[in-house]
Amino acid sequence: MPVEVHVGAAGAVQLTILGKALLAVALLVALYAVGAAIYGARSGDRRWVESSRRAVYAMAALLTLAVVLVESAFLRDDFGFAVVSSHSSTTTPTFYKLTAMWSSQEGSLLLWAWALSLASSGVLYISRRKHRELVPWATAVLAGLGSFFIGLMIFKAQPFAHLDPAPSEGAGLTPLLRNPYMAVHPPMLYSGYVLWSIPFAFCVGALIARRLDASWIRTTRNFALLAWTFLGIGLLLGSRWSYEELGWGGYWGWDPVENAALMPWLVGTAFLHSVMVQEKRGMLKVWNVSLIAGTFTLCLLGTFLVRSGILQSIHAFGASTVGGPLLGLIAVVAIGSAALITRRVDELRPERRITSALSRESVFLINNLLLVGLAAVIFWGTFFPLVSEFFTGERHSLAAPWFDRYVTPLGVALVLFTGIGPLLAWGRLSSSSARTLLLWPGLAAAATAIVLLVASDAGAHPWALFLFAFAAFALVALGGEFWRAGVARRRLTGEPFPRALARAFARNRRRYGGYIVHSGIALLLIGIAASSSFQTNRDVRLAVGESAEVGDYTLTYERLTADPKNERISFAASLDVTRDGKSFATLNPARNYYPTEDPSAGPIGRYFMGESTSEIGIEPGAGGDLWTAFQPDLAVLNPDIIRGNRELAGIPPEGQGLAILALAEKYAQNPPPATFRVIVNPLVSWIWIGALIALAGAVLAGWPALEARRRLEAAY
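In this text the structure is predicted, and so the values were computed from the model without any measurement.

Cut-offs and rules
- Residues numbered from 1 in each chain as written.
- Predicted model: local features only at pLDDT ≥ 70, side-chain atom pairs only at ≥ 80, totals over all residues.
- Heavy atoms only, no water.
- Helix = DSSP H or I, 4+ residues; strand = E, 2+ residues; numbered from the N terminus.
- Rg over C-alpha atoms; globule rule 2.2 N^0.38 Å.
- Buried < 20%, exposed > 50% of the residue type's maximum accessible area, 1.4 Å probe, protein only.
- Contact = heavy atoms within 4.5 Å.
- Areas by Shrake-Rupley, 256 points an atom, 1.4 Å probe, with all protein chains shown as cover.
- Lys, Arg positive; Asp, Glu negative; His and termini not counted.
- Charge placed at Lys NZ, Arg CZ, Asp CG, Glu CD.
- Axes fitted to C-alpha atoms, helices over the stretch in contact; angles between N-to-C directions.
- Parallel < 35°, antiparallel > 145°, perpendicular 65-115°, else oblique.
- Left-handed = near helix turned anticlockwise from the far one by under 90°.
- Nonpolar A, V, L, I, M, F, W, Y, C, P; charged D, E, K, R; others polar.
- Salt bridge = Lys/Arg side-chain N within 4 Å of Asp/Glu carboxyl O.
- Pairing = 2+ DSSP bridges.
- Core = buried A, V, L, I, M, F, W, Y, C linked by side-chain atoms within 4.5 Å.
- Polar contact = N/O pair within 3.5 Å; in protein donor to acceptor, adjacent residues only side chain to side chain.
- Disulfide = S-S within 2.5 Å.
- Expected span 1.5 Å × (residues − 1).
- Arc of directions from axis to C-beta.
- Patch = residues over 30% accessible without salt bridge, like charges linked within 9 Å, V, L, I, M, F, W, Y side chains within 5 Å.

> Would you explain the overall build of the protein in this entry?
The secondary structure content of the protein amounts to 22 helices and 10 strands. The C-alpha atoms of the protein give a radius of gyration of 28 Å, which matches the 27 Å a tight globule of 716 residues would have. Here the C-alpha coordinates of the protein stretch approximately 85 × 70 × 60 Å along the principal axes. Out of the 716 residues in the protein, the part that is buried amounts to 53%. Partitioning the intrachain contacts of the protein with sequence separation of at least 6 by distance along the chain shows that 75% fall at a separation of at least 24. Accessible surface computed for the protein: about 31300 Å², of which carbon and sulfur atoms make up 62%. Charge centroids of the protein, computed over 59 positive and 48 negative side chains, lie 17 Å from each other.

> Whenever I open this one, the packing of helix α10 (residues 256-281) against helix α13 (residues 360-392) confuses me. Can you help?
Two packed helices can be described by the angle between their axes and the distance between those axes. Where α10 contacts α13, the axes come no closer than 9 Å and their chain directions differ by 160 degrees. When the axis of α10 is compared with that of α13, the two are roughly antiparallel. At the point where α10 passes α13, the crossing takes the left-handed sense. Broken down by class, the residue content of the contact of α10 with α13 amounts to 15 nonpolar, six polar and two charged.

> Could you clarify how one ought to interpret the pattern of salt bridges in this entry?
Opposite charge on two side chains lets them pair, provided their charged atoms get close. Scanning all chains against the criterion turns up 20 salt bridges. Notably, a salt bridge pairs arginine 503 with glutamate 495, separated by 3.2 Å at the nearest N-O pair. By relative accessible area, which is 39% here, arginine 503 ends up partly exposed. When its relative accessible area of 12% is taken as the criterion, glutamate 495 is described as buried. Close ionic contact of arginine 677 with aspartate 539 constitutes a salt bridge, the shortest N to O distance being 2.9 Å. Here aspartate 539 lies in strand β1 (residues 536-542) and arginine 677 lies in strand β10 (residues 674-682), a separation of 138 residues in the sequence. A residue is classified by how much of its surface remains accessible, and arginine 677, at 27% relative accessible area, is partly exposed.

> I'm lost on the pairing of strand β9 (residues 624-631) in this one. Help?
Moving residue by residue along a regular strand, the side chains alternate between the two faces of the sheet. Along β9, seven of the eight residues are buried, which leaves the element largely enclosed by surrounding structure. Note: strand β8 (residues 617-619) against β9, three bridges, orientation antiparallel. Across the sheet, the residue bridging to isoleucine 618 is tryptophan 627, located in β9. With eight bridges connecting them, β9 and β10 associate as antiparallel partners. The residue bridging glutamine 631 from the neighbouring strand is threonine 675, located in β10.

> Before we go on, may I ask you to explain the nonpolar core in this structure?
Nonpolar side chains tend toward joint burial in soluble globular proteins. Residues Leu63, Trp112, Phe149, Ile150, Trp196, Trp216 and Phe296 are the most contacted members of the largest nonpolar core, which totals 140 residues. Filtering out sequence-adjacent residues up to four positions away, tryptophan 196 remains in contact with Ala224, Ala227, Trp228, Leu231, Gly268, Phe271, Leu272, Ile292, Thr295, Phe296 and Cys299. Membership of the second largest hydrophobic core comes to 34 residues, among which are Val550, Phe571, Ala573 and Ile604.

> What am I meant to see in the environment of threonine 675 here?
When you line up the elements, threonine 675 lands in strand β10. The sequence separation of threonine 675 and aspartate 539 amounts to 136 residues, and the corresponding C-alpha distance is 6.8 Å. The contacts of threonine 675, once residues within four sequence positions are left out, are Val540, Arg541, Ala629, Phe630 and Gln631. Here the side chain of threonine 675 touches arginine 541 through a polar contact of 3.4 Å, side chain to side chain.

> I keep staring at the state of the cysteines and nothing clicks. Help me out?
Each disulfide consists of one covalent bond between the sulfur atoms belonging to two cysteines. Applying the stated criterion across every chain, the model contains zero disulfides. Distance from the sulfur of cysteine 203, which forms no disulfide, to the nearest cysteine sulfur (cysteine 299) is 14 Å. A residue is classified by how much of its surface remains accessible, and cysteine 203, at 3% relative accessible area, is buried.

> Looking at this structure, I do not really get helix α5 (residues 105-126). What am I missing?
In an α-helix there are 3.6 residues to a turn, and that puts residues three or four apart on one side. The end-to-end C-alpha distance of α5 is 32 Å, a good match for the 32 Å that 22 residues give at a rise of 1.5 Å each. The buried fraction of α5 is high, at 16 of 22 residues. Of the residues that open α5, the one with a side-chain oxygen 2.8 Å from the backbone nitrogen of glycine 107 is serine 104.

> In this structure, what is going on with helix α17 (residues 497-507)? I would like to understand it.
Every buried residue belonging to α17 is among Ala500, Ala504 and Phe505, and all of these are buried. Angular distribution of buried residues about the axis of α17 spans 135 degrees; they occupy a single face of the element. Lining the buried residues of α17 we find α16 (462-493), α18 (509-533) and α21 (685-702).

> Help me out: how do you make sense of the environment of glycine 545 in this one?
Turning to its location among the elements, glycine 545 is positioned in the loop between β1 and β2 (547-550). Spatially, the C-alpha atoms of glycine 545 and proline 496 are 60 Å apart, while their sequence positions differ by 49 residues. Not counting residues within four places of it along the chain, the set of residues in contact with glycine 545 comprises Thr556 and Tyr557.

> Honestly, unusual backbone geometry in this entry has me stumped. Any pointers?
Comment: phi is negative for the bulk of residues other than glycine, and the bulk of peptide bonds are trans. The omega angle of the peptide bond from aspartate 164 to proline 165 is 5 degrees, so this bond is cis rather than trans. By the element assignment, proline 165 lies in the loop between α6 (135-155) and α7 (180-195). With a phi close to 55 degrees, histidine 131 is a non-glycine residue in the positive phi region. Here histidine 131 is to be found in the loop between α5 and α6. Positive phi is not limited to glycine here, since aspartate 580 has a value of about 55 degrees. Mapped onto the fold, aspartate 580 is located in the loop between β4 (569-579) and β5 (582-587). Residue classification places aspartate 580 among the exposed positions, given a relative accessible area of 66%.

> Looking at this model, I keep getting lost on the packing of helix α8 (residues 197-209) against helix α9 (residues 215-245). Mind explaining?
Taken N-terminus to C-terminus, the directions of α8 and α9 make an angle of 165 degrees; their axes are 8 Å apart at the nearest point. By the angle between their directions, the pair α8 and α9 is classed as roughly antiparallel. For the pair α8 and α9, the sense of crossing is left-handed. In this structure, α8 contributes Ile198, Pro199, Phe202, Cys203 and Ala206 to the contact, and α9 contributes Trp216, Thr219, Thr220, Phe223 and Ala224.

> Would you explain the pairing of strand β3 (residues 553-564) in this entry?
In the sheet, β2 pairs with β3 via four bridges, with the strands oriented antiparallel. Looking at the pairing, alanine 548 lines up with leucine 555 of β3. Hairpin connection between β2 and β3: a loop of two residues separates the two successive antiparallel strands, and glycine 551 in this loop has a positive phi of roughly 65 degrees. By the bridge criterion, 11 bridges tie β3 to β4 in an arrangement that is antiparallel. Considered in β4, the bridge of tyrosine 557 is made with leucine 575.

> Would you mind showing me how to read a nonpolar patch on the surface here?
The grouping of Leu439, Trp440, Leu443 and Val476 at the surface amounts to a nonpolar patch, some 410 Å² of accessible area in total. Sorting elements by how many residues they give to the nonpolar patch places helix α15 (residues 431-455) first, with three residues. Note that leucine 443 resides in helix α15.

> Would you take a moment to explain the sheet that holds β10 for this structure?
Backbone hydrogen bonds are what pair the strands of a sheet, in a parallel or an antiparallel way. Spatially, β1-β10-β9-β8 is the arrangement adopted by the four strands of the open sheet, whose pairing is antiparallel. Where the open sheet ends on each side, the last strands, each with one partner, are β1 and β8. With direction set aside, neighbouring strand axes in the sheet form an average angle of 15 degrees. Note: β1 against β10, seven bridges, orientation antiparallel. When the sheet's bridge partners are listed, aspartate 539 is paired in β10 with arginine 677.

Keep in mind that these numbers describe shape and distance, not what the molecule does.
This is the structure in C-alpha cells:
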C-alpha cells in the first residue's frame with residue numbers, strides 16, 4: 001500500500017507539472033498571436049495574419065488539454081491537486097465532481113480562458129477569407145484577452161497547484177452548489193460573457209481599420225445572439241436555483257452578482273436592436289459601438305464582482321487574488337474603447353436621421369434608452385454601498401423595494417414599446433395607418449384592464465395593472481404580425497394558412513424569431529408582475545397531524561422521514577394538501593445537513609452543526625405554484641449530541657455512523673413541531689415558460705436559412 005500511495009503522489013506531481021507547462025506554452029502562443037496579428041496588420045503581410053490565427057487554434061488546443069487534465073483529477077479524486085482537495089471529496093456525486101471545477105476561482109478562470117479560445121477560434125475560422133483589414137486587429141484583441149486570463153492562472157490563481165503530502169480526503173463541494181441548475185449556471189453565464197468579446201473585438205478592429213460600415217456587425221451578429229442567449233440561460237438557471245434552493249421562495253433578490261449578470265444582458269439587448277437600425281437605415285453608429293463596448297465592459301465587471309468579493313453577495317468569493325488585475329483590465333477596456341470611439345466620432349456620422357416619431361427606428365431608439373436606463377438604475381443601486389462608503393465612511397445598501405420603485409416603471413414602459421415597434425415601418429408611417437395597426441392591440445389592452453379591475457383587486461396594484469394591459473397590447477400586436485404574414489402569403493400562393501405561415505416564417509426567421517422573443521419576454525413579465533403583486537406568503541408551525549390553511553389550500557403535516565448518508569443527513573416532511581375539500585397534492589419539503597470540518601463540533605455534532613440546504617416541495621401549474629419549505633427544530637437533539645460526542649469520540653467511524661443513524665431515526669419517530677413556509681405564487685410558472693419561449697425565439701432568429709447555408713457552403 002505505501003508503494004501505491006507513493007506512485008500516485010508522484011503521478012499527481014507529474015500531472016500538475018504538465019498542467020503548468022500547458023498554461024505556460026498557451027501564454028507564449030497567445031502573446032505570439034497578439035504580436036503576429038499586429039505586425040501582419042501594419043505590414044500587410046498575410047502570412048503573419050494566418051500565423052496568428054493558427055496560434056489562436058493552438059491556444060484553444062492547449063487549454064482544452066488543461067481542462068481535461070483538471071476534470072480527470074476531479075473524477076479520480078486526486079487530492080494532490082489543491083483545487084480538487086478544496087472543492088471535492090470522495091463522497092461528492094460524480095456529476096458534481098465534473099462541475100466542481102468552476103466552483104473554484106482557479107477553475108472558473110480556466111473555464112473563461114477555454115471558452116474564449118474556442119469562441120475566438122470559431123469566429124476566426126468563419127472570417128478567415130473576409131475583412132482583411134479588421135480581422136488582424138480583432139485577433140490581437142482576442143488573443144490579448146486570452147493572454148490576460150492565462151496569465152492570471154499562472155501568476156495569481158493556479159489550477160495546477162500541488163499539495164504535498166496529498167490529503168486522504170477533500171473538503172467537498174459547497175452544499176448550495178449541489179444543485180443541477182447551479183451546476184450548469186456558471187458555464188452558461190461565462191459563455192455569455194465570453195461570446196460578447198467577439199463583437200467587441202471586431203468592433204475595435206473596425207474602429208482601428210476605419211471599416212465603419214455594418215460588415216463587422218453582420219459577421220458577428222450570430223455570436224452576439226448566442227451571447228445574449230447563453231447569458232439569458234444563465235440568468236434563468238440562477239433564478240430557478242434561487243427559487244428552489246435558498247428556501248426563501250423568491251427568484252430574484254437584487255443581489256450584486258445577480259445584478260452584474262443582468263446589466264450586460266440589458267445593454268446587449270439594446271445592442272441587438274440598435275444594430276438593425278444601422279443595417280437598415282445607416283443610423284446609430286456611435287450608439288452601436290458604444291453599446292458593445294459597454295456590454296463587454298459590464299461582462300468583465302460581472303466577473304470582477306464574483307471574484308473580488310468587494311460587495312457582499314451569496315455568490316461572491318471573499319478571498320480573491322485576481323480582483324486588482326481584473327479591475328485594471330476593466331479600466332483598459334473602458335478607457336481604451338472611449339478614446340478610440342472619440343477619435344472616430346466624425347467618421348461615425350449617420351447616413352440618415354430620424355424624421356418621424358411614427359417609425360420603427362424611433363421606437364427602437366426609445367427601447368434602447370429604456371434598456372440602458374434600466375441598466376443605469378441597477379448599476380447605481382448595486383454600487384451604492386461603495387459610493388456611500390466613499391462619502392460617509394459607512395456602507396449603506398439599497399434593498400429590493402428601492403430597485404422595484406425605479407425599475408418597475410421603466411420595465412412597464414418597455415413592454416408597451418415592445419408591442420408598438422413591430423407595427424411601425426422603417427422611415428415614416430402615416431397617422432391613419434398607425435391608427436389602423438394600433439386599433440386591435442389597443443382594444444385588447446383596454447379590455448384586459450377592465451376585466452382585471454372588475455374581477456380582481458388589480459386596482460390596488462396599478463403598476464401590475466399597467467403591465468398586464470401593455471403585455472396584452474404587445475401579444476396581440478405580435479400575433480397580428482404573424483397573422484398578416486400568413487394571410488399575405490396565402491393570397492399570393494393559395495397555400496393553406498398553416499403552410500403559408502410556416503413558409504413566411506422560414507423566409508424571414510430573423511424577424512419572426514425576434515417577435516417570438518418579444519412574446520416570451522411579455523409572458524415572463526406577466527409572471528413576475530402576478531407573482532410579486534398577488535403572492536400569498538405565510539409561515540406556519542405544525543406538529544405531526546396538525547393542519548393549516550393558506551389561501552385556498554389546507555396542508556396537513558402527516559409524518560417525518562430521515563435519510564442519513566455519508567455526505568449528509570436529510571429530514572423530509574410529508575404534507576397532504578387539499579383544495580376545496582378535494583385531494584390536491586402530496587408535497588415533500590426537506591432539509592439537508594452537511595457535516596462540518598470544525599473539530600469542536602464533535603464526531604456526532606459535526607453532522608448537525610454544518611451547512612444546511614433546503615429542498616422545496618412544489619406543485620407547479622399554469623395558474624400558479626404551491627411552494628413549501630421546511631425547517632425542523634433540532635434543539636431536542638442537543639442532549640443526545642452532547643452525550644454522543646463524549647461517549648463515542650474514540651470509536652471507529654463505522655460505529656459513529658451507526659450512532660448517527662440511530663439518532664436520526666429516533667428524531668423521525670417522535671419529531672417536535674416544525675416550521676413551514678408556504679407560498680401561493682400566481683402565474684409564476686410563466687416566468688420560466690416565457691423565458692424558454694424567448695430563448696427558443698433567439699435560436700430560431702439566429703438559425704441560418706437554407707439559402708444562407710448554401711451560400712456559406714459555396715463560399716468555402
